[in-house]
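What follows is the residue order along each chain.
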Amino acid sequence: MRKFNVTVNGKAYSVEVDEVGGASAPVAAPVAVPAATAAPAAPAQVKPAAPAGGTAVKSPMPGVVRKLAFANGAAVKAGQPVVVLEAMKMENDIVATADGTITYTVEVGANVETDAVLAYIK
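Residues numbered from 1 in each chain as written. Predicted model: local features only at pLDDT ≥ 70, side-chain atom pairs only at ≥ 80, totals over all residues. Heavy atoms only, no water.

## Details of the side chain of Asn 92
- With respect to the secondary-structure elements, Asn 92 resides in strand β7 (residues 90-95).
- Within the local environment of Asn 92, its side chain forms a polar contact with the backbone oxygen of Met 90, the two atoms lying 3.2 Å apart.
- The contacts of Asn 92, once residues within four sequence positions are left out, are Met 61, Val 83, Val 84, Leu 85 and Ala 87. (Helix = DSSP H or I, 4+ residues; strand = E, 2+ residues; numbered from the N terminus. Polar contact = N/O pair within 3.5 Å; in protein donor to acceptor, adjacent residues only side chain to side chain. Contact = heavy atoms within 4.5 Å.)

See below:
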């Protein structure tokens, strides 16, 4: 019987395995193996709250944010492209849903899912 330490999905297991049939290979001297430690859990992402009276600009599809067209606090008009989202190797303009001041909730390079809030307009 041989003993092994195995880590699967960040969880450590100690297992014993019986060798069945065949010629047995020479067994090397035991080697000290440091105890496996579980990887720290990723911090939960906090979704920013909508500004009072703000309108959310949501992603219509999953993709990667490639460009933010304005700086935070800039004035935008409904229908203006405010985010460039890459999905399936195509760049898609995401437009402002209202007139007002924009506050982004994502950064360039962020992966977003469908209906993720990209920005708020107040």
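## What about the pattern of salt bridges?
- The full count for this structure, using the stated rule, is 2 salt bridges.
- Across the salt bridge formed by Glu 86 and Arg 66, the nearest N and O atoms sit 2.8 Å from each other. Of this pair, Glu 86 sits in strand β6 (residues 81-87) while Arg 66 sits in strand β4 (residues 63-68); the two residues are 20 residues apart in sequence, bridging distant segments of the chain.
- When its relative accessible area of 38% is taken as the criterion, Arg 66 is described as partly exposed. (Salt bridge = Lys/Arg side-chain N within 4 Å of Asp/Glu carboxyl O. Buried < 20%, exposed > 50% of the residue type's maximum accessible area, 1.4 Å probe, protein only.)

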